[in-house]
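Letter by letter, the chains look like this.
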Amino acid sequence: MTQHQILDGKKVSTLIQAELAEKISKRVEAGHKPPGLAVVMVGNDEASKVYVNNKIKACEKTGIRSKAHFLPRQTSAKALYELIDELNQDSKIHGILVQLPLPEHIDESEVTNRIDPNKDVDGFHARNVGHLVLRQPGLRPCTPRGVMTLLNHYQIDPKGMHCVVVGASNIVGRPLMLEMLFAGATVTCCHRFTQDLAKHVKQADLLCVAVGNPEIVDAEWIKPGAVVIDIGINRLADGRLSGDVDFHVASKKAAWISPVPGGIGPMTVATLMQNTYEASL
Ligand code: GUN
């Protein structure tokens, strides 16, 4: 049994936000406009509401001016495009975030690509995805960037490690795979068609799970001494939040582990603040 240590995303996100608050207040004192973030949500998804409110609270802490747009579920794609066009033109807004998922009648990639790529603080626009793939400067997706910041804080260097990413989404799995590759890890990406998931997970020095289902990865598979990054967030039948990995079992095997809540979630929010600040420079 190894003694595990916690990758404390809540603590590191607080540090990042305090640093940002200081930088922003200095720039405002010097006569610059504060960074502005527009957050757009369509519909009533309960989890999305919590995420959006966390983002707005983080803006208040860091000195970013935020404007929330809560639109009804039946909003047309055209009306949403018009709002995005307006925000693209607004010189007080440096970052635009449209919370996903969107209702089925609205095409997510059309919406994402309507956002000015220089204001695309989620890093989801095809141009920013291209920049990431090509290792060019650009806005990078918040969760994967937040994972790298967290590892860096604890001086965990993925170089040479075998990193296994479980999940291949646009938002997390695929960009995280690239971040790990650029950091010098050997990367395996597992997905719904992977045969013998256990075999791959057992080989991971660095295991990142972003599935949104606590039943896919068995924590018993974790290699002793591995670093475990749990990106899932699930509401259990009894109302508690859990990650994708059984923390109790995993913490007996892993050397380092990120908890849920208090791990990658707060890092995503802090990274959004960093992206918004950088988009305002
Ligand atoms: N839904 C779940 N995660 C995210 C995120 O990082 N950004 C946006 N816009 N929507 C999400």
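Residues numbered from 1 in each chain as written. Predicted model: local features only at pLDDT ≥ 70, side-chain atom pairs only at ≥ 80, totals over all residues.

As annotated in an unreviewed UniProt entry, the chain is Bifunctional protein FolD from Marinicella litoralis. Comment text from UniProt for the chain, heading Subunit (unreviewed entry), reads "Homodimer." Reading the Function (unreviewed entry) entry of the UniProt record for the chain gives the comment "Catalyzes the oxidation of 5,10-methylenetetrahydrofolate to 5,10-methenyltetrahydrofolate and then the hydrolysis of 5,10-methenyltetrahydrofolate to 10-formyltetrahydrofolate." (UniProt positions renumbered as here; feature names shortened; annotations may be inferred.)

K.L.:
I'm lost on the site of the ligand in this one. Help?
P.N.:
Contacts to the ligand come from Leu97, Val98, Gln99, Leu100, Asp122, Cys142, Thr143, Ile171 and Thr268. Mapped by element, the contributors of at least two residues to the shell around the ligand are β4 (95-98) and α6 (142-153). Of the residues that constitute the shell around the ligand, the class distribution is five nonpolar, three polar and one charged. (Near = placed C-beta within 6 Å. Helix = DSSP H or I, 4+ residues; strand = E, 2+ residues; numbered from the N terminus. Nonpolar A, V, L, I, M, F, W, Y, C, P; charged D, E, K, R; others polar.)

K.L.:
Looking at this structure, how should I read the sheet that holds strand β2 (residues 36-42)?
P.N.:
Sheets are built from strands paired through backbone hydrogen bonds, the pairs being either parallel or antiparallel. The three strands are arranged β3-β2-β4 in an open sheet whose pairing can be described as parallel. Looking at strand neighbours, the two that pair on one side only are β3 (65-71) and β4, the edges of this open sheet. Averaged over all neighbouring strand pairs, the angle between strand axes comes to 15°, with direction disregarded. Pairing of β2 with β3, which is carried by seven bridges, proceeds in the parallel orientation. Within β3, the position partnered with Val42 by the bridge is Leu71. In this fold helix α2 (residues 46-62) packs onto β2 and β3, with an angle of close to 170° to the strand it touches most, β2. (Pairing = 2+ DSSP bridges. Axes fitted to C-alpha atoms, helices over the stretch in contact; angles between N-to-C directions. Contact = placed C-beta atoms within 7 Å.)

K.L.:
Would you take a moment to explain helix α1 (residues 9-29) for this structure?
P.N.:
The α-helix advances 3.6 residues per turn, and as a result positions three or four apart in sequence lie on the same side. Relative to the 30 Å expected for 21 residues at 1.5 Å per residue, α1 spans 30 Å between its end C-alpha atoms, a close match to the ideal helical length. By the burial criterion, the buried members of α1 are Gly9, Val12, Ser13, Ile16, Gln17, Leu20 and Ile24. Along α1, the residues classed as buried sweep out an arc of 130° about the axis, all on the same side. Among the exposed residues of α1, those pointing more than 90 degrees away from its buried face are Leu15, Ala18, Glu22, Lys26 and Glu29. Where α1 ends, the next residue or the one after it, Gly31, has phi of about 100°, a positive value. (Expected span 1.5 Å × (residues − 1). Buried ≥ 20, exposed ≤ 12 C-beta atoms within 10 Å, placed from the backbone. Arc of directions from axis to C-beta.)

K.L.:
Would you take a moment to explain the sheet that holds strand β6 (residues 186-190) for this structure?
P.N.:
If you walk across this open sheet you meet the six strands as β1-β11-β8-β7-β5-β6, and the pairing is parallel. Sheet topology places β1 (5-6) and β6 at the edges, where each strand pairs with a single neighbour. Strand direction decides the pairing type here: β1 and strand β11 (residues 256-257), joined by two bridges, are parallel. Paired with Gln5 across the two strands is Trp256, which belongs to β11.

K.L.:
Explain the environment of Thr186 here, please?
P.N.:
Residue placement: Thr186 occurs in strand β6. On a C-alpha basis, the gap between Thr186 and Lys49 in space is 37 Å, while along the polypeptide they are 137 residues apart. Contacts of Thr186, omitting those with residues within four sequence positions, involve His162 and Cys163.

K.L.:
Explanation requested: the packing of α2 against helix α10 (residues 264-280) in the structure shown.
P.N.:
Two packed helices can be described by the angle between their axes and the distance between those axes. Put simply, α2 and α10 touch, their axes get as near as 10 Å, and they point 55° apart. When the axes of α2 and α10 are compared, the pair comes out oblique. At the point where α2 passes α10, the crossing takes the right-handed sense. Facing α2, whose interface residues are Asn54, Lys55, Ala58 and Thr62, α10 presents Val269, Leu272 and Met273. (Parallel < 35°, antiparallel > 145°, perpendicular 65-115°, else oblique. Left-handed = near helix turned anticlockwise from the far one by under 90°.)

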